[in-house]
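Okay, here's what each chain looks like letter by letter:
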Amino acid sequence: MNDYADRMTQQNRDRSFKNRRPRDAATVIMLDKRDDRHHVLLGRRHDRHVFLPGKFVFPGGRVDATDGRAPAAAELDDTVVEKLLADMKRNGGSYRARALGLAAIREVFEETGIAIGRPHEGRLPKINQWNDFFGLGLAPDLSVLRFVARAVTPPGRPRRFDTRFFVVDMTETGHSTDEMMRPCDELDQLVWTPIDEASKLDMPAVTTVVLDELANRLPGDPHLKAPVPIPYYCWKRDRFVRYEI
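The notes below deal with the structure included here. (Residues numbered from 1 in each chain as written. Predicted model: local features only at pLDDT ≥ 70, side-chain atom pairs only at ≥ 80, totals over all residues. Heavy atoms only, no water.)

## Things to note about the overall build of the protein chain
Where we set the bar: Working definition: helices are DSSP H or I runs of at least four residues, strands are E runs of at least two. Numbering for both runs from the N terminus. C-alpha atoms define the radius of gyration in this analysis, and the globule rule sets the expected value at 2.2 Å times the number of residues to the power 0.38. Only protein chains enter the area calculation, which uses a 1.4 Å probe; residues under 20% of their type maximum are buried, those over 50% are exposed, and those in between are partly exposed. By definition in these notes, contact holds between two residues if any of their heavy atoms fall within 4.5 Å. Here Asp and Glu are counted as negative and Lys and Arg as positive; His is not counted, and neither are the chain ends. All charge positions are set by atom: Lys at NZ, Arg at CZ, Asp at CG, Glu at CD.
When helices and strands are tallied, the protein chain shows five helices and eleven strands. For 245 residues, the compact-globule estimate of 2.2 N^0.38 gives 18 Å, and the C-alpha radius of gyration of the protein chain, at 17 Å, lies within 12% of that figure. Seen through its C-alpha atoms, the protein chain measures out along the principal axes to roughly 50 × 45 × 40 Å. Relative to its full complement of 245 residues, the protein chain shows a buried share of 54%. Relative to all contacts within the protein chain whose residues are 6 or more apart in sequence, the contacts with residues 24 or more apart total 70%. Taking the 39 positively charged and 37 negatively charged side chains of the protein chain as two groups, their mean positions are separated by 8 Å.

## What about the pairing of strand 8 (residues 161-169)?
Looking down a regular strand, the side chains alternate between one sheet face and the other. Convention followed: For two strands to be treated as a pair, DSSP must find at least two bridges joining them.
Counting buried residues along strand 8, nine of its nine residues qualify, which places the element largely inside the surrounding structure. The alternating pattern of strand 8 places F161, T163, F165, V167 and D169 and D162, R164, F166 and V168 on opposite faces, both of which are buried. Judged from the six bridges that link them, strand 7 (residues 146-152) and strand 8 form a sheet pairing that is antiparallel. Its bridge partner lying in strand 8, V152 is registered against D162.

## Section: empty space enclosed by the protein
The test is simple: The rule is simple: put a 1 Å grid over the protein atoms alone, call a set of points where a 1.4 Å probe fits but cannot get out a cavity, call an open set with protein on both sides within 12 Å along at least five of seven lines a pocket, and count a residue as lining if it has an atom within 4 Å of a point. Grid points are joined across faces, edges and corners, and a volume is the space filled by probe spheres set on the points. Nonpolar residues are Ala, Val, Leu, Ile, Met, Phe, Trp, Tyr, Cys and Pro. Charged residues are Asp, Glu, Lys and Arg, and all others, Gly as well, are polar.
Taken as a whole and assessed by the stated rule, the structure comprises one cavity of 30 Å³ or more. Looking at the largest cavity, its volume works out to about 40 Å³. Surrounding the largest cavity, L31, V144, R146, V167, V168, D169, E172, P222, H223 and L224 form its lining. The greatest single-element share of the lining of the largest cavity, amounting to three residues, is contributed by strand 8. For the lining of the largest cavity, the per-class residue count stands at six nonpolar, one polar and three charged.

## Concerning the side chain of R44
Mapped onto the elements, R44 comes out in strand 2 (residues 37-45). Excluding anything up to four places from it in sequence, R44 contacts G54, K55, F56, E186, L187, D188 and Q189.

## Here's the deal with helix 5 (residues 205-217)
The criterion, for reference: A helix is expected to span 1.5 Å multiplied by its residue count minus one.
The terminal C-alpha atoms of helix 5 lie 19 Å apart, and with 13 residues this matches the ideal 18 Å at 1.5 Å per residue to within 8%. Residues of helix 5 that are buried: A205, T207, T208, V209, V210, L211, E213, L214 and R217.

## Thoughts on the pairing of strand 7
Buried residues dominate strand 7, accounting for seven of its seven residues. The pairing of strand 7 with strand 10 (residues 231-235) spans two bridges and is parallel. Looking at strand 10, one finds that R150 is bridged to Y232.

## Focus on the packing of helix 1 (residues 2-10) against helix 5
Which entries qualify depends on this criterion: Fitted lines through C-alpha atoms serve as axes, helices being fitted only where they are in contact, and the angles separating the N-to-C directions of these axes extend from 0 to 180 degrees. Any angle that falls under 35 degrees is termed roughly parallel, while one over 145 is termed roughly antiparallel, one within 65 to 115 roughly perpendicular, and all others oblique. In this scheme the crossing of two helices becomes right-handed for a clockwise turn of the near helix relative to the far one and left-handed for an anticlockwise turn of less than a right angle.
At their nearest, the axes of helix 1 and helix 5 sit 9 Å apart, and the two run at 165 degrees to each other. Between helix 1 and helix 5, the angle falls in the class roughly antiparallel. As for the relative orientation of helix 1 and helix 5, their crossing is right-handed in sense. Contacts between helix 1 and helix 5 involve Y4, R7 and M8 from the former and A205, V206, T208, V209, D212, E213 and N216 from the latter.

## Focus on unusual backbone geometry
Although it is not a glycine, D87 adopts a positive phi angle of roughly 55 degrees. Mapped onto the elements of the fold, D87 is located in the loop between helix 2 (78-85) and helix 3 (93-112). Given the relative accessible area of 40%, D87 is considered partly exposed. Even without a glycine there, the phi angle at R237 is positive, about 55 degrees. Mapped onto the fold, R237 is located in the loop between strand 10 and strand 11 (240-244). Overall, R237 belongs to the exposed group, its relative accessible area being 84%.

As structure tokens, this is what we get:
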């Protein structure tokens, strides 16, 4: 798997910016099997963005301070929490792991319109970043998130994120359809593409590597529930290295 780390290292990138601490972020690979082929949802970032302009990426973004307070219809699987807590910087415990999952679901909704949730009876709290989601009568469903990869942006970039990559199998989420799917200010184009054809799109190296990691895993673990090591990419001594957690 060293070739994956080499591919990420070799990508041309401007590293002249002031160094900063990576911020927690979460992203979701929406997975849908059609005609015996796995498709994923990718969005094109607006050209005006400072970070990765014009690139196709998975929907996602940084964790908001209020994410951990949002109620959920179902919680993260214990094995997912355990992996998320591995090598977690600055502590935070299970609350921070939960906030990562909730941020992933919120960002998918904000950027695509797809709501990963279940019907909720009764009142839901008023939380600015979540009010539109709750307005659908849904609460987020963390139980469908599968943690598949982690990557940290190298130093010297205009933005730095410690990103956790989740997968959601669309067949497991009855209320997570693409009927409401629409572009947004962050992503000006949304496309479903077969995994084996995604390389035709202009993607950052980390996106192509995570897709390759996923494609290698799916044949033997189609539901992504096997207790396997999670690839973790970070920058060490002027290059990316791949660890397993």
